[in-house]
Amino acid sequence: MHDEGESPREATAPDPAPSSSGLLAEIGQLGRAVKRLFGAQLHLLAAELGLARSAVSWMLLAALAATVAGVGLGLTVLGLLGVVLAAWFGSWIWSLLTLAVLQVLFLSGSILLFRRCMHWMSLPVTRSEWNAMMRDTLRKAEAEVAAESRQDNEEEGRP
C-alpha cells in the first residue's frame, strides 16, 4: 500500500506550520479583499447618493410644474366664472366684484381653518397625548437598545 521508501508515519504527518511570510501574505490578501469590498460599497453609496440627488432635483422640478399648472388652472376657472357672471349680471363690474367677494370668503375660510388646526394642536389633551406618545417611543427605543446589548453580551459569553 505504501511506497517502500515512505514510512507510514511520514505519510500521515501534518504539513509543517506556514512560515511567517505566508501569514503576512494572507493578511495582505485579507487587507486587499477588505479594501476591495469597502471600495465597492463606497462606490455603490456614491452612486445611490447621486441618484437621490438627481431624484430630488426632478421632484422639485415636478412640484414647480404642478404649481404652475395649478395656478394656470385656477386663473382659467376664475376667468370662465367671470365670463359666466358677466353674462348673468350683464355687467363686468358686478361679475368682478362677485369674484373678489368669493376669493375673500375662500381666503377667510382657509385662515380660520388654519387657526382652528393650530388651536387643536395647542389643546392640553393634544399636548398630553403628544407627550405620552413621545414617552412611549423613548421607552421602546431604550428597551430595544437594552435587548440588543443583552444579546451582544450573551453572544460574547458575558453575563
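Rules used in this analysis
- Residues numbered from 1 in each chain as written.
- Predicted model: local features only at pLDDT ≥ 70, side-chain atom pairs only at ≥ 80, totals over all residues.
- Heavy atoms only, no water.
- Helix = DSSP H or I, 4+ residues; strand = E, 2+ residues; numbered from the N terminus.
- Buried < 20%, exposed > 50% of the residue type's maximum accessible area, 1.4 Å probe, protein only.
- Areas by Shrake-Rupley, 256 points an atom, 1.4 Å probe, with all protein chains shown as cover.
- Patch = residues over 30% accessible without salt bridge, like charges linked within 9 Å, V, L, I, M, F, W, Y side chains within 5 Å.
- Salt bridge = Lys/Arg side-chain N within 4 Å of Asp/Glu carboxyl O.
- Lys, Arg positive; Asp, Glu negative; His and termini not counted.
- Charge placed at Lys NZ, Arg CZ, Asp CG, Glu CD.
- Contact = heavy atoms within 4.5 Å.
- Expected span 1.5 Å × (residues − 1).
- Polar contact = N/O pair within 3.5 Å; in protein donor to acceptor, adjacent residues only side chain to side chain.
- pLDDT = per-residue confidence, 0-100.
- Axes fitted to C-alpha atoms, helices over the stretch in contact; angles between N-to-C directions.
- Parallel < 35°, antiparallel > 145°, perpendicular 65-115°, else oblique.
- Nonpolar A, V, L, I, M, F, W, Y, C, P; charged D, E, K, R; others polar.

K.L.:
Even after reading the chapter, I still don't get the overall build of the chain, so can you show me in this structure?
P.N.:
Scanning the chain for helices and strands turns up 4 helices and 0 strands. Listing each helix as α and each strand as β along the chain from the N terminus yields α-α-α-α. Expressed as a percentage of the 159 residues in the chain, the buried residues total 4%. Approximately 14200 Å² of the chain is accessible, and the part contributed by carbon and sulfur atoms is 69%.

K.L.:
Could you clarify how one ought to interpret a negative patch on the surface in this entry?
P.N.:
Taken together, Glu 144, Glu 148, Asp 152, Glu 154 and Glu 155 make up a surface patch of like negative charges. Structurally, Glu 148 is set in helix 4 (residues 124-156). Look at Glu 148 and you get partly exposed, because its relative accessible area is 48%.

K.L.:
Just to check I follow, could you spell out a nonpolar patch on the surface for this structure?
P.N.:
Judged by side-chain polarity, Trp 88, Phe 89, Ile 93, Trp 94 and Leu 97 come together as a nonpolar surface patch covering roughly 650 Å² of accessible area. Mapped onto the elements of the fold, Trp 88 is located in helix 2 (residues 20-89). Judged by its relative accessible area of 66%, Trp 88 is exposed.

K.L.:
Explanation requested: the side chain of Ser 95 in the structure shown.
P.N.:
Position of Ser 95 among the secondary structure elements: in helix 3 (residues 92-122). Other than its neighbours up to four places away in sequence, Ser 95 contacts Gly 82, Leu 85, Ala 86 and Phe 89.

K.L.:
Explain helix 3 to me, please; I cannot follow it from the model alone.
P.N.:
Here helix 3 contains 31 residues, and its C-alpha end-to-end distance of 45 Å stays within 8% of the 45 Å for a straight helix at 1.5 Å per residue. Capping of helix 3 at its N-terminal end is provided by Ser 91; its side-chain oxygen lies 3.3 Å from the backbone amide nitrogen of Ile 93.

K.L.:
Before we go on, may I ask you to explain the confidence of the model for the chain in this structure?
P.N.:
One rule of thumb: low pLDDT means the predicted coordinates there are not for detailed reading. Within the chain, residue pLDDT values average 82, and 86% of them lie at 70 or more. Confidence scores differ between elements of the chain, with helix 1 (residues 8-12) showing the lowest mean pLDDT of 52 and helix 3 the highest of 91.

K.L.:
It is not clear to me how the packing of helix 3 against helix 4 should be interpreted in this structure. Could you clarify?
P.N.:
Two numbers describe a pair of packed helices, the interaxial angle and the distance between the axes. At a minimum axis separation of 5 Å, helix 3 and helix 4 run at an interaxial angle of 60°. Comparing their axes, helix 4 and helix 3 come out oblique. On helix 4, the residues that touch Trp 120, Met 121 and Ser 122 of helix 3 are Pro 124, Thr 126 and Arg 127. The class makeup of the residues in the contact of helix 3 with helix 4 is 3 nonpolar, 2 polar and 1 charged.

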